[in-house]
Every structure is written in C-alpha cells, then in structure tokens.
Amino acid sequence: MKKNEKLSSGTRGLRYKLRIALYLMSVLPLLVSIYLASNYILPQVGLKIDIVGSLGVSVLIAIIGFFVIKEVFDRILSVVSEAKLIAAGDIHHKIEMPREDEVGDLGDALHQLTLRIRDNMDELKNYGEKTTEINLEIQKRILVLSSLLQISSLISQGAHLDDILKLTVEKSRFIASSEISYLLFREDNNPVFYIKIADGANTQYLSKVNIKIHEHTLNNFAKTAKPFIMDKTNALPEDIRAVFSEQLRMKNTLALPIYMRGKVTGILGIGNNREIFSFAKDDWELLDIFAKQIAIAIENDLLMHRIEKLEIKDPLTGLYNDTFIHNRLQEEIKRAITYQRPCAYILLNIDNFQKYRQNFGSLQAESTLKRVANLVRDSVTEIDRVGRVGDNDFAIVLPERNKRQAQAIAEEIRKKIGFSFNEETDANKRITCSAGISENPLDGIEAEELVTKAKESLGLAKKQGKNNVAS
C-alpha cells in the first residue's frame, strides 16, 4: 500500500509540473489576452499603461512556464545522455539524479539496473577465468594421456629401453610447465645416483651430477609414500635439500622414487627456478604415473632379456640359437679336455646373401634360409648340434670329431647346398656357401678361441673365391 502511494505521489509531481507549465504558457496568457483584447483593444484603438502591464505579465508568465517545461526536459535529456554512456559500454558510470519525480525514479532504476549488469559482468568474468583454467587443465590432461599412450605403445612394441626412458623424461617436463626433467639411476644398492637422462634447456651440466642419498632416507620416503618436494611450501631434509639445490641448481623440484622389487632403483624429477612457486597435488599424481611407466618399462626389459637367455631355438629356422651353440661348444670342449678327445666347430656362411635379399626380397630370403637350415641339419648326426648364429651364418658343434673329419662334413654340406640350388633357372637364385673349420685343442681350449679361429678360416675361404671350405 505504501509502495503504491509512493508511486502515485511521484507520478503526480511530474504531471503537476507539466500541467502548471501548460497553464502558464498557454491557458493563462490566452485568457488574459482575450480579456484585454475584448475590453480594451477592440473598443478603443490605442494602448494604455495597464494594457501594456497586463501583456507584460502574460509574457512573464509564459516565460516562467517555458522554463518549467525546459527544466523537466533537461532532466529527461540528462537521463538519456547518462543511459547512452552506459549503453556504449561504460557500465561503471553512475547516474546521479535527485529522486524528486518520475525522472529521478527513472535515473535511480537505471542506476540499479547498471549495478546488476556490473555484478553480472563481474560474475561472467569470474566464470570465464574459471572456464579458462578448466580448459587448460583439460588440455594438460589430454597431453599427459597422449604421452602415456605413446609410452605404452613403445613398451608394447618392445622398443629399446633407452628410447622409452628418453620419451618418458621428455614428456614429464610438461607437468607444471617445468623447465627441466631428469632421471636419476643407481647400480644395485649403491647410494650414489647418477643422471641417466635430462631434458630441457642448458642441461649439459647435469651429465656430471652424482647425488648421494642414504638408504635410510629412501626408506623413510618409501614408508610415508611421499615424493621429494622442494618449493615455497615444502622443504626437504637439510642434507637432501642441499644436494638437490646445489647440484641440480634448481630452486623448486618434485621427484618420485622408482621402485623395482621393493627397492628404489631410480628417481624421476621435474623442476624450475621460479622465485615463488608451489607444486600441486595433481602434479605429484601425474608424475607418479610417469614413474610407474618407467618401472614397467624396466621390468619388461629385464623379462625380455631373461626370455632371450631361456630361449634356445631360432624362431625362423627352428635351429638352436647363438647363445645355446656357444654354451654347448664350451661344454663339449670341457668334456673333450677331460677325456682327451677332439671337438670340432664349423662356421658356415651363405655367399652374397645380402645381394640375394635385395634382389628377391625378405620373404624369398627367409624361405632360402629355412631351406639351407634343413640341408645342414640333415647332414649331421643326432649328437651334433646345428644353430643359426647370424643373419646368414650357421654353426655346427661336432663332438668327437677332429678337423679333418669336420672338413669332410663341411665339404659335403657345401656340395649339397650347391646341388640343391643349381636347379634354379635364374642364375641369381643359385645359392653357394663357404665354411671355416676349427678344432679343440689345436685352435684353442675355450669356445671364444674356436669361434674366432673359425671366423678367420671363413674369411680365408671367401678370399679364395667363395663356395669353398678352409681350416
């Protein structure tokens, strides 16, 4: 009820002003003019003092009415001008208008509206800033996910360990927009860690860095499951802090241990030299993922090497591999020395095989290797051992055989291979081979010595025109 009364009184003020102005400018002067004209001007032609005075009073009243209307319209124009400034974008502009009538109410309403727009704009700005932060965080997460996919792909493809470590260290530098990323390693339980890989500008000095961290310190961090953090809000133990700040030359660093079978074998870290900086928990969590990828890559590499040691057969030809042949030769040499019996070794190589591969492709080359492998295997006894020890190299361990007997076997194999491939219509497909012979104890009492001698003999056979056997 009070609000309606207030609005009606405000409306009445402006309406009264306009009505009074209309009366002053039109109605009253008109009535006065009519009265004077009818009583004085028309009956009597001429002017008198009272007539002039009356006209003057009428004009004065009209002028006062004009200024009243002008004052109303000036207030309206003032509000319009202020509103234009706000509409042009100056939302911080304040409308100052005495609240005496509708124009004052309009100015106050515009002012309140401007305040609300200003608050909404500030809120939108805050939302915009938060949206930008969220977008940056999403981009960072996408970049990390892409990096992890790359690393996982390399691990699954059996890439070289150094390539995987290099990529992981390189990608981890993007966490917290770090200036440097590094990977520390140590041998066995040695307390001294050395820089294996470092990424960033001017990291040459890190190649000579050796950091000594005692085992009890590593165990303490392992028990608490916390990383090494040195920044504005976190401090490392004095001895560790001094090592990191002095040798790594970084004011801020975040590092995570890499565990292998419960032991810390490495440390993955990032850092920068900003004056006021703190690592977030997200940075810690993301770096932990990279550290675990490195642990997986190292474990996978160890397993691959173990598998290689356990394997004894060549996957292409089905013959024994180089590791098995070398170990078997060493065993046969020891047995031959014990019982004073001979042991021979043949190293056979396919002549011009690289050119053959280039001419006919890898599939044809593999087919030829399998064919040669079968011919060699069929030419020896059950106690002899045949292996593929190189791309186109074959080895035969001959227990109880001397050099003369080994040479006869090699000659038989050479002729058999030549005869088998001599049926090829294309002369470039006619395969031949050369062989070198060695014997224990004439050429050595260790496997390495017999292998070296056989290689020398093979080289001699090649010099003699290939398709030949030398001892």
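In case you missed it, the structure is sitting above this.
Presented here is a report on the structure given in the accompanying data block. Owing to the predicted nature of the structure, the values given are computational and were not obtained by experimental measurement. (Residues numbered from 1 in each chain as written. Predicted model: local features only at pLDDT ≥ 70, side-chain atom pairs only at ≥ 80, totals over all residues. Heavy atoms only, no water.)

**Structural notes on the sheet that holds strand 9 (residues 393-399)**
One key point about sheets: their strands pair by backbone hydrogen bonds, in either a parallel or an antiparallel sense. Note the following rule: Note: two strands are recorded as paired if DSSP finds a minimum of 2 bridges between them. A run of H or I in DSSP becomes a helix once it reaches four residues, and a run of E becomes a strand once it reaches two; helices and strands are each numbered from the N terminus. Contacts are assigned to residue pairs with any non-hydrogen atoms lying within 4.5 Å of each other. Angles shown run from 0 to 180 degrees and are taken between the N-to-C directions of axes, each axis being a line fitted to C-alpha atoms and, for helices, limited to the stretch in contact.
Spatial strand order, 8-9-7-10-11: 5 strands in an open sheet with mixed pairing. Strand pairing shows two members of the sheet lacking a second neighbour, strand 8 (385-388) and strand 11 (469-470), which therefore form its edges. Of the pairings in the sheet, the one linking strand 8 to strand 9 comprises 4 bridges and is antiparallel in character. Residue Arg 385 lies in a different strand from strand 9, and its bridge partner there is Val 397. Packing of helix 10 (residues 403-421) onto the sheet brings it into contact with strand 7 (343-350), strand 9, strand 10 (433-440) and strand 11, and relative to strand 10 it is tilted by some 165°. The sheet strands contacting helix 11 (residues 447-463) are strand 7, strand 10 and strand 11, and the helix crosses strand 10 at an angle near 145°.

**A word on helix 4 (residues 161-172)**
Heads up, the rule is: The span you would expect from a helix comes to 1.5 Å times its residue count less one. Note on exposure labels: buried denotes an accessible area under 20% of the residue type's maximum, exposed denotes more than 50%, and partly exposed covers the range between, all computed with a 1.4 Å probe on protein chains only.
Its 12 residues give helix 4 an end-to-end C-alpha distance of 17 Å, which sits within 8% of 16 Å, the value for a rise of 1.5 Å per residue. Taken together, the buried positions of helix 4 are occupied by Leu 161, Ile 164, Leu 165, Leu 167, Thr 168, Val 169, Lys 171 and Ser 172.

**Comments concerning the environment of Arg 371**
This is how it is decided: For the purposes of these results, a polar contact is taken to be a pair of N or O atoms within 3.5 Å, where, inside protein, one atom must be able to donate a hydrogen and its partner to accept one; residues adjacent in sequence count only when each atom of the pair is a side-chain atom.
Looking at the secondary structure, you find Arg 371 in helix 9 (residues 353-377). We classify Arg 371 as partly exposed; its relative accessible area is 31%. For Arg 371 and Phe 421, which are 50 residues apart along the polypeptide, the C-alpha to C-alpha distance reads 9.7 Å. With residues near it in sequence (within four places) discarded, Arg 371 still touches Ser 420, Phe 421 and Glu 424. Of note is the side chain of Arg 371, whose polar atom sits 3.3 Å from the side chain of Glu 424.

**Regarding the pairing of strand 7**
In terms of burial, strand 7 is largely enclosed, as 8 of its 8 residues are buried. Burial of strand 7 is two-sided: the residues Cys 343, Tyr 345, Leu 347 and Asn 349 facing one way and the residues Ala 344, Ile 346, Leu 348 and Ile 350 facing the other way are all buried. With 8 bridges connecting them, strand 7 and strand 10 associate as antiparallel partners. Each residue of the ladder has a partner; that of Cys 343, found in strand 10, is Asn 440.

**Examining the packing of aromatic side chains**
Here is the rule we go by: Only the six-membered ring of Trp is used, alongside the rings of Phe and Tyr, when aromatic pairs are assigned; centres must lie within 6.5 Å, and planes under 30 degrees apart are stacked while those over 60 apart are edge-to-face, with the rest tilted. As a reminder, the over-ring test applies to NZ of lysine and CZ of arginine, requiring each to be within 6 Å of the ring centre and within 35 degrees of the ring normal.
Counted according to the given criterion, the structure contains 4 aromatic pairs. Seen from their ring centres, Tyr 320 and Phe 324 are 4.1 Å apart, and the 20° between their planes marks the pair as stacked. Given a relative accessible area of 19%, Phe 324 falls into the buried group. Between Tyr 356 and Phe 360, the aromatic rings sit 5.0 Å apart at their centres with planes inclined by 50°, giving tilted as the arrangement. One end of the pair, Tyr 356, and the other, Phe 360, are both in helix 9, 4 residues apart, so they sit about a helical turn from each other. Tyr 356 gets classed as buried once you look at its relative accessible area, which sits at 3%. Since its relative accessible area comes to 24%, Phe 360 is described here as partly exposed. Ring-pair connections join several aromatic residues into one group, and the members of that group are Phe 353, Tyr 356 and Phe 360. Over the face of the ring belonging to Tyr 205 we find Arg 249, whose NZ or CZ atom lies 4.3 Å from the ring centre.

So yeah, pure geometry; function would need other evidence.
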